[in-house]
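Tertiary structure, described
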Amino acid sequence: MRPGSMVLLKLDEPFFAADGASHKRFTNVHLPVDTLRAMVADVDGLVGCELEPGGALSLAMDYSDLLLRHPTAADEAGMAIAGHLLDLAAIGLGARRDIAASARRGGLRAVRLKAVLSILEARFHEPDFSAQKLAATAGLSERYVNELLFEAGASFTTRLTELRLRKAADLLAHGKGRISDIAFACGFNDLSYFNRCFRRRFGLTPTAARGK
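About the thresholds
As a convention, each chain's residues are numbered from 1 in the sequence order in which they are written. Only residues with pLDDT of at least 70 get local features here, since the model is predicted, and only at 80 or more are side-chain atom pairs given and counted; chain-wide, interface and lining totals rely on the full set of residues. To get the side-chain values, take all heavy atoms of the structure and skip hydrogens and water. Each salt bridge in this description consists of a side-chain nitrogen of Lys or Arg and a carboxyl oxygen of Asp or Glu lying within 4 Å of one another. What counts as a helix is a DSSP run of H or I of at least four residues, what counts as a strand is a run of E of at least two, and both are numbered from the N terminus. Burial classes follow relative accessibility: with a 1.4 Å probe on protein chains only, a residue under 20% of its type's maximum area counts as buried, one over 50% as exposed, and anything between as partly exposed. The definition of a nonpolar core used throughout is a set of buried Ala, Val, Leu, Ile, Met, Phe, Trp, Tyr and Cys residues joined through side-chain atoms within 4.5 Å. Between N or O atoms, a polar contact is any pair within 3.5 Å; within protein, one atom must be a potential hydrogen donor and the other a potential acceptor, and residues adjacent in sequence are included only when both atoms are from side chains. Stacked, edge-to-face and tilted are the three classes for Phe, Tyr and Trp ring pairs, Trp counted by its six-membered ring, which pair at centre distances within 6.5 Å; planes under 30 degrees apart are stacked, over 60 edge-to-face, the rest tilted.

A full pass over the atoms with the stated rule returns eight salt bridges. For Asp44, the salt bridge identified is with Lys10, shortest N-O distance 3.8 Å. Of this pair, Asp44 sits in the loop between helix H1 (33–39) and strand S2 (50–51) while Lys10 sits in the loop between strand S1 (6–7) and H1, placing them 34 residues apart in sequence. For Asp44, a relative accessible area of 37% puts it in the partly exposed group. Take Lys10: its relative accessible area is 23%, and that puts it in the partly exposed class. Between Asp181 and Arg178 there is a salt bridge, with its nearest N and O atoms 3.1 Å apart. Here the salt bridges do not stand alone but share partners, grouping Lys10, Glu13 and Asp44 into one network.

The following block contains the structure:
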């Protein structure tokens, strides 16, 4: 197997892989075989064949690597993530025309949106986190990221502020730490701005929210 290549295997059959490199790293993605057979004609004929990198298959693997770095995303959207991965794999393996068209319409864009949201949820507490940094981490343009988020219902700034405020409200409800420490830990670098945002969002001050 060449670096970056992929292969489809069946877990109930033995296999042996070899190349000349001394260091190897593999990412394994498990797919439901019955569903894959329904989506891809003659998929069993692809088992054991080296698959060229690029396109939907490479995107599926990149998405999988991202999930390995942010595993908590699967706790919140596991079924949706599984569906998107299956769509990508089916497209890359040659899904039937009708299924491929449907998967392309929703799958690729949805996968990118999930990846962007996963990064945002993992890094919202960073005070200097920006749409530019989000786009760079996701490997997308800032304009494309903003379009994805806007189409999904809210801008980058709105989502970032909401995540920070929800985390702050949770910490306050459990009475953990001083208000200033909580604000800074959630990504706010201006206490008065935090107080204004919190009151506008929840209808009470951070002090009044403590223990509620």
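Ranked by size, the top nonpolar core spans 28 residues in total, and within it Tyr63, Leu88, Phe129, Leu134, Leu149 and Phe156 carry the most contacts. Mapped onto this core, the elements with two or more residues apiece are helix H2 (55–69), helix H3 (72–93), helix H4 (97–123), helix H5 (131–138), helix H6 (142–151) and helix H7 (156–173). Looking at this core element by element, the count peaks at seven residues for H4.

Turning our attention to the side chain of Glu162. By the secondary structure assignment, Glu162 is in helix H7. Classification of Glu162 by relative accessible area gives buried; the value is 18%. A distance of 2.8 Å separates polar atoms of two side chains, one belonging to Glu162 and the other to Arg201.

Taken as a whole, this structure holds five aromatic pairs when the rule is applied. Centroid distance Phe188 to Tyr193: 6.2 Å. Interplanar angle 55 degrees. Geometry classified as tilted. Taking the relative accessible area as the measure of exposure, Phe188 reaches 5% and is therefore buried. Judged by relative accessible area, Tyr193 falls into the partly exposed class, the value being 35%. On the numbers, 5.7 Å between centres and 55 degrees between planes, the contact of Phe194 with Phe198 is tilted. Of this pair, Phe194 and Phe198 both sit in helix H9 (residues 191–202), four residues apart, which is roughly one turn of that helix.

These figures capture arrangement, not role.
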